[in-house]
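The residues making up each chain are set out below.
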Number of protein chains: 2
Amino acid sequence: MREPLRADMFADPDCSGRLQPIRFGDKWSGMVLRCLEDGPRRFSELRVPLHWITPKVLTETLRAMERNGFLTRTAHAENPPRVEYELTVLGRSALGPMNVACDWAREHLPALAEAREAYERG
Amino acid sequence: MREPLRADMFADPDCSGRLQPIRFGDKWSGMVLRCLEDGPRRFSELRVPLHWITPKVLTETLRAMERNGFLTRTAHAENPPRVEYELTVLGRSALGPMNVACDWAREHLPALAEAREAYERG
DNA sequence: CAGTATCCTAGGAGATACTG
DNA sequence: CAGTATCTCCTAGGATACTG
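This text gives an overview of the structure that appears in the document. (Residues numbered from 1 in each chain as written. Chains lettered and ligands numbered in written order. Predicted model: local features only at pLDDT ≥ 70, side-chain atom pairs only at ≥ 80, totals over all residues. Heavy atoms only, no water.)

Interfaces are often sized by the accessible area lost when the parts come together. Across the contact, 25 residues belong to chain B and 25 residues belong to chain A. Roughly 2,300 Å² of surface becomes buried between chain B and chain A when both sides are summed, with 65% attributable to carbon and sulfur atoms. When residues of chain B are sorted by the area they lose upon contact with chain A, Arg 67, Trp 104 and Tyr 119 of chain B head the list and together hold 27% of the total. On the surface where chain B and chain A come into contact, there are two salt bridges. There are 10 residue pairs in polar contact (both at pLDDT 80 or more) connecting chain B and chain A. The dominant element in the side of chain B that touches chain A, judged by the number of residues it contributes, is helix H6 (residues 95-121) of chain B, at 11 residues. For the side of chain B that touches chain A, the class distribution of residues is 14 nonpolar, five polar and six charged. (Contact = heavy atoms within 4.5 Å. Buried area = accessible area lost by both parts, 1.4 Å probe. Salt bridge = Lys/Arg side-chain N within 4 Å of Asp/Glu carboxyl O. Polar contact = N/O pair within 3.5 Å; in protein donor to acceptor, adjacent residues only side chain to side chain. Helix = DSSP H or I, 4+ residues; strand = E, 2+ residues; numbered from the N terminus. Nonpolar A, V, L, I, M, F, W, Y, C, P; charged D, E, K, R; others polar.)

One can describe the packing of helix H6 (residues 95-121) of chain A onto helix H4 (residues 55-67) of chain B by two numbers: an axis separation of 8 Å at closest approach and a directional angle of 110 degrees. The orientation of H6 of chain A with respect to H4 of chain B, classified from their angle, is roughly perpendicular. Residues Ala 115, Arg 116, Tyr 119 and Glu 120 of chain A of H6 of chain A form the contact with H4 of chain B, whose participating residues are Arg 63, Glu 66 and Arg 67 of chain B. Across the contact of H6 of chain A with H4 of chain B, the residue classes tally to two nonpolar, no polar and five charged. (Axes fitted to C-alpha atoms, helices over the stretch in contact; angles between N-to-C directions. Parallel < 35°, antiparallel > 145°, perpendicular 65-115°, else oblique.)

Further remarks concern the relation of the copies chain B and chain A. Superposing chain B onto chain A takes a rotation of 180 degrees plus a shift of 0.0 Å along the axis, which leaves an RMSD of 0.0 Å. On this basis, the relationship between the two copies can be described by a two-fold rotation axis. Identified as the residue of chain B closest to the rotation axis by C-alpha distance is Arg 23 of chain B, at 2.4 Å. Both copies share a contact surface, since 100% of the interface residues of chain B are interface residues in chain A too. (Least-squares fit on C-alpha atoms with pLDDT ≥ 70 in both.)

In the vicinity of DNA strand C lie 20 residues, with Ser 44, Arg 63, Arg 73 and Tyr 85 of chain A together with Lys 56 of chain B positioned nearest. The sugar-phosphate backbone supplies 65% of the atoms of DNA strand C found within 4 Å of the protein. Contact distances for DNA strand C include 3.2 Å between a phosphate oxygen and a side-chain N or O atom of Trp 28 of chain B. Note that a base oxygen of DNA strand C is positioned 2.5 Å from one of the side-chain N or O atoms of Lys 56 of chain B. (Near = heavy atom within 4 Å.)

A few words now on the state of the cysteines. Each disulfide consists of one covalent bond between the sulfur atoms belonging to two cysteines. All told, the structure shown has zero disulfides over all chains when counted by the stated rule. You can see Cys 35 of chain B has no disulfide; the closest cysteine sulfur is in Cys 102 of chain B, sitting 12 Å from it. (Disulfide = S-S within 2.5 Å.)

Written as structure tokens, this is what we have:
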């Protein structure tokens, strides 16, 4: 629940390519969803597993998800500033279909790869 | 099983926007998957429900899905030519997660829309 | 720390025209 | 009918630098 996010959270080479045909929103939303699964996280904390995504793009992603009601943004009046992002009930409900998609991908990734090789051979 | 595809198959205005945060592959793959659900279809038959997608883009989409092993392309030696696209077992298996995602979207679309309105109001 | 502000680029996607 | 072949456009996404 409160362990730090691992830097290699999305480092699996099998998933870094385009083998996974199911996407959640834009490029990063699905991964952010996964990052927030175990509780609220800070801006810079999210950057680590997300391959050091640039602040501009992470801000855009978080704003879009906030706008869609997937997460809330809480700025604490401290110095240095601390901002936390946390899934809403709606956002958490999206983990359901995402897990189904992930299970499907894990199960069929070998078949995907094999189909590509067969296609390449002609 | 053999009814023609309806032209307004994807005409629902609620789904034409960006409210649906789950995407299958590129812009058209998910819809093609749905179009082939009930059996093989011809190239020009697919164009109708797909908003008269340009042939170039439909070809690209079909080639990508064929490459990933989602469907097969069968050219019949006739005149005029007839080509049929049909889902493979792998392609059909992707309908599982897609239906889960569609169910989720249908259930939460009102909440999505409401979240947006609330965000817009500030 | 948690962001803005600029600038830039690759490629997904469409319009249009042509062909075996 | 079932596609190619070109051309063009848009924008998601990244690089870099700066700030309250």
